[in-house]
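# What the coordinates show
Single-letter residue listing:
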Amino acid sequence: MKIERIELHHISQELVHPFRTSFGTQTERPCILVTVYSENLAGWGECTASLDPGYSYETITTAWHILSEFLIPRIIGQDITTPQEVSAKLKGVRGHPMAKASLENAVWDLFAKAKGMPLSEMLGGVRDRVEVGVSIGIQPTLQGLLDRIGQFIDKGYRRIKMKIEPGWELEPISAVRQRHPAIKLMVDANSAFSLEDAPLFQQMEPYNLLMIEQPLHYDDIADHAKLQAQINTPICLDESIHSPNHARWAIEMKACRIINMKVARVGGLTNAIAIHDICREAGIAMWCGGMLETGVGRAANIHLASMPNFTLPGDISATERYYAEDIAEPAFYLNTEDSTMTVPTGPGIGVEVLTDRVKHFRVRHSHFLP
Ligand code: OSB
Ligand code: MG
């Protein structure tokens, strides 16, 4: 398919609830939507970089720059025969996985639409519903945390992830576990601790956590291996895994037993598939992470999570948990009977982007021609 034109839309939507992690609080969620056009079809991808370099060094501004000046020029006007070719063409640019993923994923959507098949089918998905949970930010009070978790459990979520940071760990974990003895519970530190905190993680063992996500430095693999050797609770890596090589290194070094797959963090679906296959081969469990995506990114995540090795519930929640009115339809709902979400069955990502809403939320727009 010849890539005839590309559009970038920087949009910004308010979150229905502020989201606080160990690296900061998000009240609005900007993103860049990428549209790739060919043969009267439009493929959509989402760049999940934030306003500030908190989770990742990439920001909306760096992603816009890298997409406009370096990535789009490598693709525009090109005749492409597989979406994987995009990944190969972008290899010459180092880093910037979120920028790359948005462009590559738009091309995946385009190709799936051209074939008239759902993205999940192109990826070799094996389920029509994927298990999901909810990620709960750090709350101002313990009671506030218990109330908030209670609300989501009442809505039907059967896996709860709580964000932790130094000073907000054992006490809230113990309180939540006491209130909900049987719920699948896990914690995510977003790199807020160091290896010296190993005794703290040992004290978490009695709470029967599903896993501890990214306890140590965002670039680290070696110290995570040392920590994993000292605790029975599985470590899950998020921030540290950027490529198939990182996954292989982490597995070889026994730095984790679980991997959180975020397609944006690994530079697109081609790398996501490679990491999926590495983990499957090695017997390492995985699940689909989230970055508070709009309906475009959320849809792609659900398709990805239908692949065979996504055996743990993902951070994919209902649209209403993030946005009052999203830019794509239909909205995503939780299947309350089994805490799952249904994989869309239409062509491509299977949601319709509402261009009027995109325009409404848009703060910057750019158009690229060969
Ligand atoms: O670490 O998993 C994370 C959101 C933004 C940045 C990092 C993370 C998260 C989440 C939210 O945990 C997951 C979601 O999209 O619901
Ligand atoms: Mg995380």
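Below, the structure is looked at part by part. (Residues numbered from 1 in each chain as written. Chains lettered and ligands numbered in written order. Predicted model: local features only at pLDDT ≥ 70, side-chain atom pairs only at ≥ 80, totals over all residues. Heavy atoms only, no water.)

This brings us to the overall build of the chain. When helices and strands are counted, the chain shows twelve helices and 15 strands. A globule of 370 residues ought to have a C-alpha radius of gyration of about 21 Å, and the chain, at 20 Å, matches this closely. Principal-axis analysis of the C-alpha atoms gives the chain an extent of 60 × 40 × 35 Å. Burial status across the chain gives 60% buried among its 370 residues. Relative to all contacts within the chain whose residues are 6 or more apart in sequence, the contacts with residues 24 or more apart total 72%. (Helix = DSSP H or I, 4+ residues; strand = E, 2+ residues; numbered from the N terminus. Rg over C-alpha atoms; globule rule 2.2 N^0.38 Å. Buried < 20%, exposed > 50% of the residue type's maximum accessible area, 1.4 Å probe, protein only. Contact = heavy atoms within 4.5 Å.)

Walk down a regular strand and you will see the side chains alternate between the two sheet faces. Of all the 15 residues making up strand 2 (residues 24-38), eleven are buried; the element is thus mostly covered by neighbouring parts of the structure. Looking at chain direction, strand 1 (residues 5-21) and strand 2 are connected through 13 bridges and run antiparallel. Bridging from a neighbouring strand, Ile6 pairs with Val36 of strand 2. As consecutive antiparallel partners, strand 1 and strand 2 are separated by two residues. Here seven bridges tie strand 2 to strand 3 (residues 41-47), and the two strands are oriented antiparallel to one another. (Pairing = 2+ DSSP bridges.)

With that settled, the discussion passes to the pairing of strand 6 (residues 159-163). Most of strand 6 sits out of view: five of its five residues are buried. Neither face of strand 6 is exposed, since Arg159, Lys161 and Lys163 on one face and Ile160 and Met162 on the opposite face are all buried. As defined by bridge partners, strand 5 (residues 134-136) adjoins strand 6 across three bridges and the pair is classed as parallel. Within strand 6, the position partnered with Val134 by the bridge is Ile160. In this fold, the crossover linking strand 5 to strand 6 by way of helix 5 (residues 142-155) has right-handed handedness. Alignment of strand 6 against strand 7 (residues 184-188), held across five bridges, turns out to be parallel. Looking across to strand 7, one finds that Lys161 is bridged to Met186. In this fold, strand 6 hands off to helix 6 (residues 170-179), which returns the chain to strand 7; that crossover is right-handed. (Right-handed = clockwise from strand over helix to strand, strands pointing away.)

What follows deals with the sheet that holds strand 8 (residues 212-213). One open sheet holds the seven strands; their spatial order is 5-6-7-8-9-10-11, and the pairing between them is parallel. Unpaired on one side and paired on the other, strand 5 and strand 11 (285-288) mark the two borders of the sheet. Here helix 5 sits on the sheet in contact with strand 5 and strand 6, set at roughly 170 degrees to strand 5. (Axes fitted to C-alpha atoms, helices over the stretch in contact; angles between N-to-C directions.)

Below, the discussion takes up the coordination of the magnesium ion (ligand 2). For a metal with four tetrahedral donors the ideal donor-metal-donor angle is 109.5 degrees, while six octahedral donors give ideal angles of 90 or 180 degrees. At the metal site, the magnesium ion (ligand 2) is ligated by Asp188 (OD), Glu213 (OE) and Asp238 (OD), and these contacts range over 2.1 to 2.3 Å. By relative accessible area, Glu213 is classed as buried at 0%. Its relative accessible area of 0% is what places Asp238 among the buried residues. (Donors = N, O, S within 2.8 Å, 3.2 Å for Na, K, Ca; no water.)

Around ligand 1 lies a shell of 16 residues, among which Ser135, Lys163, Asn190, Leu292 and Tyr322 are the nearest. Here Asn190 contributes a side-chain N or O atom positioned 2.8 Å from an oxygen atom of ligand 1. A distance of 3.0 Å separates an oxygen atom of ligand 1 from a polar atom in the side chain of Lys262. Protein chains shield 99% of the accessible area of ligand 1, which is 390 Å² for the free molecule. Class assignment of the residues belonging to the shell around ligand 1 gives a composition of six nonpolar, three polar and seven charged. There are two domains that each give the shell around ligand 1 at least three residues, and those are domain 1 (5-116 + 351-368) and domain 2 (121-342). (Near = heavy atom within 4 Å. Polar contact = N/O pair within 3.5 Å; in protein donor to acceptor, adjacent residues only side chain to side chain. Areas by Shrake-Rupley, 256 points an atom, 1.4 Å probe, with all protein chains shown as cover. Nonpolar A, V, L, I, M, F, W, Y, C, P; charged D, E, K, R; others polar. Domains from an automatic or database assignment.)

This paragraph deals with the sheet that holds strand 15 (residues 362-368). What the four strands build is an open sheet, ordered 3-2-1-15; its pairing is antiparallel. Every other strand in the sheet has two partners, leaving strand 3 and strand 15 as the edge strands with one partner each. With direction set aside, neighbouring strand axes in the sheet form an average angle of 25 degrees. As judged from the six bridges shared by strand 1 and strand 15, these two strands associate in the antiparallel manner. By the bridge assignment, Ile6 is partnered in strand 15 with Phe368. Strands in contact with helix 3 (residues 97-115) are strand 1, strand 2 and strand 3; relative to strand 3, the strand with the most contacts, it is inclined by about 150 degrees.

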